[in-house]
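Summary of structural features
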Amino acid sequence: MMQTIADAVGFDVETISMLMGMLMCYPLGFIMKALPYGKTKHLFSFLLGAFLLQFTIGVQWIHQLVSSLVAYVMFLILPPELSKIAVPVWAMLYISAGHIHRQYINYLGWDMDFTGAQMVLTMKLYSLAWNLYDGQALAKGEGSRASKKCAPFAVKELPGIIEYLGYTFCFSSVLAGPAYEYVYYANACDGTLLYDSNGKPKGKIPGVAWPTLKPFLISMVCMGIHVVGNGMFPLLDPVDPQNATAVLVTEEFLSKPWFQRYGYQWLSLLFVRMKYYFAWKNAEGAQNIWYAGFEGFDEQGNAKGWDVSNNVDIIEFETAPNVKTLSASWNKKTANWLGRYVYMRTNGSLAATYGLSAFWHGFYPGYYLFFLSVPILTACERLGRKKLTPRFGNGKKWSPWGI
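Everything numeric in this text was worked out from a predicted model, so none of it was measured.

When its secondary structure is counted, the chain shows 19 helices and zero strands. If one aligns the C-alpha atoms of the chain with their principal axes, the spans along those axes are about 70 × 60 × 45 Å. Taking all 403 residues of the chain together, the buried fraction comes to 47%. The contacts in the chain between residues at least 6 apart in sequence include a share of 67% that link residues at least 24 apart. When the accessible surface of the chain is split by element, carbon and sulfur atoms take 65% of a total near 20100 Å². When the 33 basic and 26 acidic side-chain charges of the chain are each reduced to a single mean position, those positions are 11 Å apart.

Shown next, in the form of structure tokens:
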């Protein structure tokens, strides 16, 4: 059946499976919302996450299970002072092995495998290791400056195995993210996000209709733009994208004037980005259905917003006048992970932060050329902001030096 659908719409089976898997998160989200708080939600999250992985990548989901269980054993037997290092190292080594294997058997290929979901899991395991350390350190009245800044995400004790697997396999984020802190997931599952210890609402509980519908509609628009635009301005050969020479390096394309090549590449990459916008916005809506994307209430009982699962600000990214805005708007939860658990833990080392980001992405040279050049661009931008911004404005939007 999947092959029939794929042939009808002109996509490969893997893409159709992923698309259907992501769309299934919406009805599953409504079921999740209706389930009683507690272990029932955690168990549902785990089992349905495993089901979606089986549906999209087949038996390869065993990698997620093995790496999660090994990490859990580390959490059990190692003190937080050691597990904060051991678990991130384990997670990074596992995803690295996956990247190396993929590149070895299918260099520059784009076949769908477990590494995409494993990258999301890596962020979750990495973050949880530091959350547990912060929780213990702060409970003792200790902790570094970074631990105190990350206090809202601290976890005081290791979750039970069902709660842990519910988080690592969470159905609404297992395929394309976002990877957010355990406390957000746990609070949505146990009811403390919305209700106090007496069972009373902490404030006026907002409806989920618009927070769900808005990102869903945006995701559908982005998918439509991607399908149409990618057909008009393809990066790869439409007939044989896996093996044929890419459009941008064919003799015919290289013989065109530079401004035509630049315009084509700009439009082509814009339409490619729409695929990511679809995935992230679709996941955001699926999270919001069962309040996993809701930030909770402030001390006055006012709703804070729905930014927990918002992984991209499309307009801000497309119109970003500087590197800081650009990086803060794209893949926001990955930026949070790198900022909270790499940048802040290495005394603000840009090289360590972007170096780990490149390592997490894989081993193609382009990753390292890009990510290791960002610290240089950031240093130049900081210098420009210090020296030039006072002469032209505040530099927040459309500053002359930042365009």
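As a further point, take helix H16 (residues 350-361). In a regular helix each residue adds 1.5 Å, so twelve residues correspond to 16 Å; H16 covers 17 Å between its end C-alpha atoms and thus fits that length. Those residues of H16 that are buried are in contact with helix H5 (80-105), helix H6 (115-139), helix H14 (323-329), helix H15 (332-343), helix H17 (365-371) and helix H18 (374-387). Sitting at the amino-terminal end of H16 is Ser349, which places a side-chain oxygen 3.1 Å from the backbone nitrogen of Ala352.

Residues of helix H9 (residues 182-190) that are buried: Tyr182, Val183, Tyr185, Ala186, Ala188 and Cys189. Contacts made by the buried residues of H9 are with helix H2 (13-34), helix H3 (39-57), H6 and helix H8 (161-168). Gly191 occupies a position one or two residues after H9 and carries a positive phi of about 90°.

This part covers the packing of H15 against H16. Relative orientation of the contacting elements H15 and H16 amounts to 130°, with a least axis distance of 10 Å. Taken together, H15 and H16 sit at an angle that is classed as oblique. Seen along the crossing, H15 lies across H16 with a hand that is right-handed. Residues Thr334, Trp337, Leu338, Val342 and Tyr343 of H15 touch H16, and the partners they reach there are Leu350, Ala352, Thr353, Leu356, Ser357 and Trp360. Residues that form the contact of H15 with H16 fall into these classes: eight nonpolar, three polar and no charged.

A separate point is the pattern of salt bridges. Pairing between side chains of opposite charge can happen when their charged atoms approach one another. For the coordinates displayed, the defined rule picks out eight salt bridges. In this structure, Asp313 engages Lys332 in a salt bridge whose closest nitrogen and oxygen atoms are separated by 3.1 Å. Of this pair, Asp313 sits in the loop between helix H12 (258-289) and helix H13 (314-318) while Lys332 sits in helix H15, placing them 19 residues apart in sequence. Linked through salt bridges whose partners overlap, the residues forming this network are Asp307, Asp313 and Lys332.

Ranked by size, the top nonpolar core spans 85 residues in total, and within it Tyr126, Tyr164, Phe171, Tyr185, Trp290 and Trp337 carry the most contacts. A total of 13 residues in this core trace back to one element, the largest contributor, which is H6. The residues contacting Tyr164, other than those within four sequence positions of it, are Ser68, Ala71, Tyr72, Phe75, Leu125, Leu128 and Pro159.

In total, this model carries 35 aromatic pairs according to the counting rule given. Ring centres of Phe370 and Phe371 lie 4.9 Å apart, and the angle between their planes is 75°; this geometry places the pair in the edge-to-face category. Of the residues examined, Phe371 reaches a relative accessible area of 11% and is grouped as buried. Members of the aromatic cluster, each reached through a chain of ring pairs, are Phe44, Tyr167, Phe171, Tyr182, Tyr185 and Trp290. We note Lys84 situated over the ring of Tyr133; from NZ or CZ to the ring centre the distance is 4.0 Å. Lying over the aromatic face of Tyr167, Lys124 brings its terminal NZ or CZ to 5.2 Å of the ring centre.

As for its position among the elements, Met20 is in helix H2. For the pair Met20 and Pro215, spaced 195 residues apart in sequence, the C-alpha separation works out to 17 Å.

About the criteria used
Residues numbered from 1 in each chain as written. Predicted model: local features only at pLDDT ≥ 70, side-chain atom pairs only at ≥ 80, totals over all residues. Heavy atoms only, no water. Helix = DSSP H or I, 4+ residues; strand = E, 2+ residues; numbered from the N terminus. Buried < 20%, exposed > 50% of the residue type's maximum accessible area, 1.4 Å probe, protein only. Contact = heavy atoms within 4.5 Å. Areas by Shrake-Rupley, 256 points an atom, 1.4 Å probe, with all protein chains shown as cover. Lys, Arg positive; Asp, Glu negative; His and termini not counted. Charge placed at Lys NZ, Arg CZ, Asp CG, Glu CD. Expected span 1.5 Å × (residues − 1). Polar contact = N/O pair within 3.5 Å; in protein donor to acceptor, adjacent residues only side chain to side chain. Axes fitted to C-alpha atoms, helices over the stretch in contact; angles between N-to-C directions. Parallel < 35°, antiparallel > 145°, perpendicular 65-115°, else oblique. Left-handed = near helix turned anticlockwise from the far one by under 90°. Nonpolar A, V, L, I, M, F, W, Y, C, P; charged D, E, K, R; others polar. Salt bridge = Lys/Arg side-chain N within 4 Å of Asp/Glu carboxyl O. Core = buried A, V, L, I, M, F, W, Y, C linked by side-chain atoms within 4.5 Å. Phe/Tyr/Trp six-rings, centres within 6.5 Å; stacked < 30°, edge-to-face > 60°. Lys NZ or Arg CZ within 6 Å of the ring centre and 35° of its normal.

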